[in-house]
Amino acid sequence: MLAVCVDDEKLILDRNISLVEKLDEIDAVEGFTSATKALDWIAKKNGEVALALLDIDMPDMNGLVLAAKIKEASPGTAIILLTGYSEYALKAFELHAQGYLMKPVNEEKLKEEVVYALQSRESDKANEGDHIFMRTFGSFDVLVDGEPIRFSRAKSKELLAFLVDRQGALVTRAEAFSAMYEDENYTRDKQKQFDVIVRSLKSSLKDAGIEDVLDIQRGSMRVVKEKFGCDLYAFLEGDTATINAYCGEYMSAYEWAMFTEGVLSRGMYE
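Residues numbered from 1 in each chain as written. Predicted model: local features only at pLDDT ≥ 70, side-chain atom pairs only at ≥ 80, totals over all residues. Heavy atoms only, no water.

**Student:** Hey, could you run me through the overall build of the protein chain in this one?
**Tutor:** Looking only at helices and strands, the protein chain features 11 helices and 12 strands. Put simply, of all contacts in the protein chain between residues at least 6 apart along the chain, 60% involve residues at least 24 apart. Carbon and sulfur atoms make up 48% of the accessible area of the protein chain, which totals about 13,700 Å². (Helix = DSSP H or I, 4+ residues; strand = E, 2+ residues; numbered from the N terminus. Contact = heavy atoms within 4.5 Å. Areas by Shrake-Rupley, 256 points an atom, 1.4 Å probe, with all protein chains shown as cover.)

Structure follows, in structure tokens:
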């Protein structure tokens, strides 16, 4: 597999290249101190670049912008972002990066992130046949024809994630609220707040043309499992490729997902 490292500091770039070259999964590595030159090179490779290791803090084009442009030019390239600043973590997930590492890069941690990133890439390729795919391994995303959809509210995305986690079972609004706001009471004001979240979710799904994945009944809601593919469901059904692609992280942004993560982790060794 072909990889690229981008960092404007030559010494750090050379070290990162040497670390990536040690990985069995990678056949060749190219390095760039210029984000613009790296992007041009990746675009000319016509999807051959499996992995991009990008520094975030660069002068001509920061790594977040570069990551977004790489996803446009080469959607199948797995991206790992590097930074010395932890506040960039949320942006990394929003850009659908497969990995995020703090500098200086630890060799063992890099190995873990690269394996996860490449397995996520292969998992996405395996599910290209699904018009709608709910990805739960790592961070949660909804893909339509391979492209992630956008949600106007983070909480509306979390609500859908929770419903996917419940595997098509009917969930009351009070149950969903309690999971998403575990330290708050479901008061009248909170009910109105939650109504806004539900409406926002419906609007985001409608904009993406996939509103039929959500079934809302009086006081309850569920996802319609038959309308989409999902790595969680494939794992639970015993699909070998999906089980092998699971690296121990499940809907990592949500605390309520820890129970299912434990179930999946136990299933890996049974």
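The structure having been displayed, the exposition proceeds.
**Student:** Can you walk me through the packing of helix 7 (residues 173–180) against helix 8 (residues 188–207) in this structure?
**Tutor:** Helices that pack against each other are described as a pair by the angle of their axes relative to one another and the distance between those axes. Running from N to C, helix 7 and helix 8 point in directions that differ by 95°, and their axes come no closer than 11 Å. One finds that helix 7 runs roughly perpendicular with respect to helix 8. Contacts between helix 7 and helix 8 involve Arg173, Ala176, Phe177 and Met180 on the former and, on the latter, Lys190, Phe194, Asp195 and Val198. Of the residues that constitute the contact of helix 7 with helix 8, the class distribution is five nonpolar, no polar and three charged. (Axes fitted to C-alpha atoms, helices over the stretch in contact; angles between N-to-C directions. Parallel < 35°, antiparallel > 145°, perpendicular 65-115°, else oblique. Nonpolar A, V, L, I, M, F, W, Y, C, P; charged D, E, K, R; others polar.)

**Student:** Could you clarify how one ought to interpret the sheet that holds strand 11 (residues 220–223) in this entry?
**Tutor:** Strand pairing in a sheet takes place through backbone hydrogen bonds and is either antiparallel or parallel in direction. Pairing within the open sheet is antiparallel, and its three strands lie in the order 9-11-10. Since the sheet does not close on itself, it has two edges, and those belong to strand 9 (171–172) and strand 10 (214–217), each with one partner. Sheet topology places strand 9 next to strand 11; two bridges connect them, and they run antiparallel. Residue pairing for strand 11: threonine 172 is matched across the bridge by serine 220. Its contacts with the sheet place helix 6 (residues 154–165) against strand 9, strand 10 and strand 11, and it is angled at close to 75° to strand 11. Along the sheet face, helix 8 touches strand 10 and strand 11 and points at about 145° away from the line of strand 10. (Pairing = 2+ DSSP bridges.)

**Student:** Honestly, the packing of aromatic side chains in this entry has me stumped. Any pointers?
**Tutor:** Given two aromatic rings, one states the distance between the centres and the angle between the planes to describe the pair. Counted by the stated rule, this structure contains 11 aromatic pairs. Both rings, one in phenylalanine 228 and one in tyrosine 233, keep their centres 5.9 Å apart while their planes meet at 40°; by these two values the pair is tilted. There is no split in this pair, since phenylalanine 228 and tyrosine 233 are both buried. Through successive ring pairs, a cluster of aromatic residues spans Phe177, Tyr181, Tyr186 and Phe194. (Phe/Tyr/Trp six-rings, centres within 6.5 Å; stacked < 30°, edge-to-face > 60°. Buried < 20%, exposed > 50% of the residue type's maximum accessible area, 1.4 Å probe, protein only.)

**Student:** What is the right way to look at helix 3 (residues 63–73) in this model?
**Tutor:** Each α-helix winds once per 3.6 residues, and so residues spaced three or four apart point in a common direction. Listed in full, the buried residues belonging to helix 3 are Gly63, Leu64, Leu66, Ala67, Ile70 and Lys71. Seen from one end, helix 3 has its buried residues packed into an arc of 160°, which puts them on one side. Between a side-chain oxygen at the N-terminus of helix 3 and the backbone nitrogen of leucine 64 the separation is 2.9 Å; the capping residue is asparagine 62. (Arc of directions from axis to C-beta. Polar contact = N/O pair within 3.5 Å; in protein donor to acceptor, adjacent residues only side chain to side chain.)

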